[in-house]
Amino acid sequence: MFKMKALMLNCSLKTSEEESHTSCLLQKAAEWLNKEGTETEEIRIADYQVSPGMAPDMGNGDEWPKIMEKVLSANIVIIGTPIWIGEKSSISTLVMERLYASSAETNEKGQAIYYNKVGGAVVTGNEDGAKESAKSILYGLQHIGFTVPPNVDAYWVGEAGPGPSYIEGGKDNEFTNKNTKVMSYNLLHFARMLHKHPIPAIGNTN
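Residues numbered from 1 in each chain as written. Predicted model: local features only at pLDDT ≥ 70, side-chain atom pairs only at ≥ 80, totals over all residues. Heavy atoms only, no water.

Participant: Please explain the side chain of lysine 88 as it appears in this structure.
Facilitator: Within the fold, lysine 88 resides in strand β4 (residues 87-88). Of note is the side chain of lysine 88, whose polar atom sits 2.8 Å from the side chain of serine 136. Contact partners of lysine 88, with chain neighbours within four places excluded, come to Thr81, Pro82, Thr93, Met96, Ser133, Ser136 and Ile137. (Helix = DSSP H or I, 4+ residues; strand = E, 2+ residues; numbered from the N terminus. Polar contact = N/O pair within 3.5 Å; in protein donor to acceptor, adjacent residues only side chain to side chain. Contact = heavy atoms within 4.5 Å.)

Participant: How should a nonpolar patch on the surface be read in this particular structure?
Facilitator: On the surface, Leu13, Trp84 and Ile85 cluster together into a nonpolar patch covering about 400 Å² of accessible area. Tracing the chain through its elements places tryptophan 84 in strand β3 (residues 76-84). (Patch = residues over 30% accessible without salt bridge, like charges linked within 9 Å, V, L, I, M, F, W, Y side chains within 5 Å. Areas by Shrake-Rupley, 256 points an atom, 1.4 Å probe, with all protein chains shown as cover. Salt bridge = Lys/Arg side-chain N within 4 Å of Asp/Glu carboxyl O.)

Participant: How should I be thinking about the packing of helix α1 (residues 21-35) against helix α6 (residues 174-196) in this particular structure?
Facilitator: One can describe the packing of α1 onto α6 by two numbers: an axis separation of 9 Å at closest approach and a directional angle of 50 degrees. When the axis of α1 is compared with that of α6, the two are oblique. When you trace α1 past α6, the crossing you get is right-handed. Side by side, α1 and α6 meet where Leu25, Lys28, Ala29, Trp32, Leu33 and Lys35 of the first sit next to Thr176, Asn177, Thr180, Lys181, Met183, Ser184, Tyr185 and Leu188 of the second. Residue composition of the contact of α1 with α6, by class: seven nonpolar, four polar and three charged. (Axes fitted to C-alpha atoms, helices over the stretch in contact; angles between N-to-C directions. Parallel < 35°, antiparallel > 145°, perpendicular 65-115°, else oblique. Left-handed = near helix turned anticlockwise from the far one by under 90°. Nonpolar A, V, L, I, M, F, W, Y, C, P; charged D, E, K, R; others polar.)

Participant: What is the right way to read the pairing of strand β2 (residues 39-44) from this model?
Facilitator: The side chains of a regular strand alternate, first on one face of the sheet and then on the other. Both strand β1 (residues 5-10) and β2 contribute to a ladder of six bridges, which runs parallel. In the sheet register, alanine 6 faces β2, and the bridge partner there is threonine 40. For the segment spanning β1, α1 and β2, crossover handedness is right-handed. (Pairing = 2+ DSSP bridges. Right-handed = clockwise from strand over helix to strand, strands pointing away.)

Participant: How do you make sense of the pattern of salt bridges when you look at a structure like this?
Facilitator: The full count for this structure, using the stated rule, is five salt bridges. Lysine 70 is paired through a salt bridge with glutamate 41; the nearest N and O atoms lie 3.2 Å apart. Highlighted residues: lysine 70 in helix α2 (residues 64-73) and glutamate 41 in strand β2, separated in sequence by 29 residues. With its nearest N and O atoms 2.8 Å apart, the salt bridge here joins arginine 98 to aspartate 62. Remark: aspartate 62 occurs in the loop between β2 and α2 and arginine 98 occurs in helix α3 (residues 90-101); sequence separation between them is 36 residues.

Participant: Even after reading the chapter, I still don't get the side chain of serine 51, so can you show me in this structure?
Facilitator: Along the chain, the position of serine 51 falls in the loop between β2 and α2. Classification of serine 51 as buried rests on a relative accessible area of 14%. Discounting chain neighbours no more than four positions away, the residues touching serine 51 are Met58, Gly59, Asp62, Leu94 and Arg98. (Buried < 20%, exposed > 50% of the residue type's maximum accessible area, 1.4 Å probe, protein only.)

Participant: Explain the environment of cysteine 11 to me, please; I cannot follow it from the model alone.
Facilitator: Tracing the sequence through the fold places cysteine 11 in the loop between β1 and α1. We classify cysteine 11 as buried; its relative accessible area is 0%. When the C-alpha positions of cysteine 11 and proline 162 are compared, they lie 21 Å apart, and in sequence the two are 151 residues distant. Sequence-distant contacts of cysteine 11, defined by excluding residues within four places in its chain, comprise Ile45, Ile79, Gly80, Pro82, Ser89, Ile91, Ser92 and Val95.

What follows is the structure, given as structure tokens:
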């Protein structure tokens, strides 16, 4: 029996040894997806050696290829990022660049390899930058071939200045929880549609 797979790429600057607000919100999405029978996996990018560059494998210990294998096997890919200086994290930029490095590769129909996959964005942080971060991620994903359904950015931002972050101050936020549920279900709806009815190759092959 076919089972949907969702991959969550956590672009926190912290390794798995540290608590991550972004991870906490990603897991809220995972709960909704798991409820509908979707297999979910979260990868903390900071745990890996991911080299900058525009090649699928940069060599010298680059661990991106093993992450890319998981991207290719997933139906749903969610990029999670904290906000720093009003923008997505440097690691999320690195991930988007490495995804872009394979955008010229094609599937068996001659389409970009990201066709028939859906993408979303999760953002956490203080002050502003949530929409700017999500905008950058979602534009980048659709540009390389992902399908971006409506309302697939879920975020939480705290008050201006130092203060509680998501785990301390946002887990019960009604707006964030509603958007996380909407994002999860819309991603799943579109992933199911594309699995049953893939994008036809006519007109979009290289």
